[in-house]
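Chain residues, written in single-letter form:
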Amino acid sequence: ASDGNVNQSFSDIHITSGDTLTQDFCIPIYFAPPVQLEAEATGTLFDNAHLTWLEPGSVTDQYIFWGEQVTAGALGYGNMNITFSIASRWPVEDIAPFDGAYLKKVRFYPTEPTAQYTLKVWKGPDASTLLHSQPVPVLDINMWNDVALTTPVEIDGMQELWFGFEIFQTEGYPAPLAAGPAVAGKGDMFNSGGGWISMKASWDFNFNWLMQGFISQSPVPLGPSATTALQAAAAGSSRRSMEAMQQ
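Residues numbered from 1 in each chain as written. Predicted model: local features only at pLDDT ≥ 70, side-chain atom pairs only at ≥ 80, totals over all residues. Heavy atoms only, no water.

**Here's the deal with the pairing of strand 8 (residues 129-136)**
Inference 1: Judged from the 7 bridges that link them, strand 7 (residues 116-123) and strand 8 form a sheet pairing that is antiparallel. Counterpart to Y117 in the pairing with strand 8 is V136.
Inference 2: Between strand 7 and strand 8, which pair antiparallel one after the other, the connecting turn spans 5 residues, and G124 there sits at a positive phi close to 90 degrees. (Pairing = 2+ DSSP bridges. Helix = DSSP H or I, 4+ residues; strand = E, 2+ residues; numbered from the N terminus.)

**Thoughts on the pattern of salt bridges**
Inference 1: For the structure shown, the criterion picks out 5 salt bridges.
Inference 2: The salt bridge involving E160 is made with R89; its shortest N-O contact spans 3.0 Å. Of this pair, E160 sits in the loop between strand 9 (145-154) and strand 10 (161-169) while R89 sits in strand 5 (residues 82-90); the two residues are 71 residues apart in sequence, bridging distant segments of the chain. For the residue pair E160 and R89, the accessibility class agrees, reading buried in each case.
Inference 3: We note a salt bridge from K200 to D204, for which the minimum N-O separation is 2.7 Å.
Inference 4: Connected through shared salt-bridge partners, K105, R107 and D146 make up one network. (Salt bridge = Lys/Arg side-chain N within 4 Å of Asp/Glu carboxyl O. Buried < 20%, exposed > 50% of the residue type's maximum accessible area, 1.4 Å probe, protein only.)

**Digging into the confidence of the model for the protein chain**
Inference 1: Within the protein chain, residue pLDDT values average 84, and 77% of them lie at 70 or more.
Inference 2: With pLDDT under 50 throughout, residues 243-247 is counted as low confidence; its partners more than four residues away or in other chains account for 16 contacts. (pLDDT = per-residue confidence, 0-100. Contact = heavy atoms within 4.5 Å.)

**A word on empty space enclosed by the protein**
Inference 1: Within the structure shown, the criterion is met by 1 cavity of 30 Å³ or more.
Inference 2: The calculated volume of the largest cavity comes to roughly 40 Å³.
Inference 3: Lining of the largest cavity is provided by K123, L131, E154, I155, D156, Q159, E160 and L161.
Inference 4: In terms of residue class, the lining of the largest cavity is built from 3 nonpolar, 1 polar and 4 charged. (1 Å grid on protein atoms, 1.4 Å probe; cavity = no way out; pocket = protein on both sides within 12 Å on 5 of 7 lines; lining within 4 Å. Points joined across faces, edges and corners; volume = space filled by probe spheres on them. Nonpolar A, V, L, I, M, F, W, Y, C, P; charged D, E, K, R; others polar.)

**Thoughts on the sheet that holds strand 13 (residues 197-198)**
Either a parallel or an antiparallel arrangement is found when strands of a sheet pair, and the pairing is made through backbone hydrogen bonds.
Inference 1: Taken in spatial order, the 6 strands of this open sheet run 8-7-10-5-12-13, and their pairing is antiparallel. On the outer flanks of this sheet lie strand 8 and strand 13, each paired with one strand and no other.

**Here we look at the packing of aromatic side chains**
Inference 1: Applying the stated criterion across every chain yields a total of 12 aromatic pairs.
Inference 2: With centroids separated by 5.4 Å and ring planes inclined at 75 degrees, the aromatic side chains of W122 and W196 adopt a geometry described as edge-to-face. Remark: W196 occurs in the loop between strand 12 (189-191) and strand 13 and W122 occurs in strand 7; sequence separation between them is 74 residues. When sorted by exposure, W122 lands in the same class as W196, which is buried.
Inference 3: Sitting over the ring of F214, K105 keeps its end group 5.1 Å from the ring centre. (Phe/Tyr/Trp six-rings, centres within 6.5 Å; stacked < 30°, edge-to-face > 60°. Lys NZ or Arg CZ within 6 Å of the ring centre and 35° of its normal.)

**Thoughts on the environment of N142**
Inference 1: Topologically, N142 is positioned in the loop between strand 8 and strand 9.
Inference 2: Residues N142 and F108 lie 34 residues apart in sequence; the distance between their C-alpha atoms is 9.6 Å.

**Describing the pairing of strand 11 (residues 175-179)**
Inference 1: Within strand 11, 5 of the 5 residues are buried, which leaves the element mostly enclosed by the surrounding structure.
Inference 2: With burial as the criterion, each face of strand 11 is covered, one bearing A175, L177 and A179 and the other bearing P176 and A178.
Inference 3: In terms of strand pairing, strand 4 (residues 71-76) meets strand 11 through 3 bridges, oriented antiparallel. When the sheet's bridge partners are listed, A74 is paired in strand 11 with P176.
Inference 4: Note: strand 11 against strand 14 (residues 207-209), 3 bridges, orientation antiparallel.

**Examining the nonpolar core**
Inference 1: In this structure, L75, F84, I86, F165, F190 and W209 are the most contacted members of the largest nonpolar core, which totals 41 residues.
Inference 2: Sequence-distant contacts of F84, defined by excluding residues within four places in its chain, comprise L75, Y77, F165, E166, I167, Q169, P174, A175, F190, N191 and S192. (Core = buried A, V, L, I, M, F, W, Y, C linked by side-chain atoms within 4.5 Å.)

Structure below.
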């Protein structure tokens with residue numbers, strides 16, 4: 001039901017001219033429950049409860065990601081000076097349920113201390129429209145890092161959402177890989193300047209990117225970026241060189 005309005009349809013009802021027909025019916029009234037209901041004990045004796053919730057139909061605070069978020073090594077060009085981008089792609093059918101909510105931070109697992117990472121958010125086919133760009137100057141390597149967007153990005157459920165990083169490297173393997181199987185065309189998008197490709201479809205790399213987006217109904221920005229104390233569980237320490245994979 002929406003706004004308390006309900007309806008019900010009947011079939012095979014016949015009324016003869018001049019007669020009176022009585023039809024019984026029952027409409028089950030449904031009111032959607034609140035979202036993200038939380039209780040906090042308050043008072044000197046903790047004998048009071050403070051309840052908070054979001055209105056029915058709201059989006060629950062959550063991380064969105066593709067595949068198993070378990071580290072499986074890293075990808076890069078070795079000792080080359082190059083800029084490339086990695087992204088998590090969310091087609092309309094996947095992002096539509098989050099319409100009107102906000103992307104507020106991105107969690108990822110940087111693997112190269114000399115690399116320069118810039119958080120990017122795009123929308124539309126092939127990430128055609130840049131919505132947000134934010135350099136990330138301070139990172140803890142080989143750990144989960146939470147990067148709060150300086151301005152949360154409102155999600156348009158009618159457009160694809162992409163989030164990820166532009167990476168400039170001079171050495172090493174700066175792009176974090178998550179163990180497969182790959183969610184091809186969604187969790188494994190890569191661009192070295194020649195356009196976006198799926199690593200699985202193009203090179204048969206069976207990985208996703210080790211990153212997650214945090215979605216919230218609230219538009220209020222989060223605090224400064226932080227590093228989580230929990231390191232990702234290791235599934236291997238492979239390093240993938242991109243030197244032979246130019247687009």
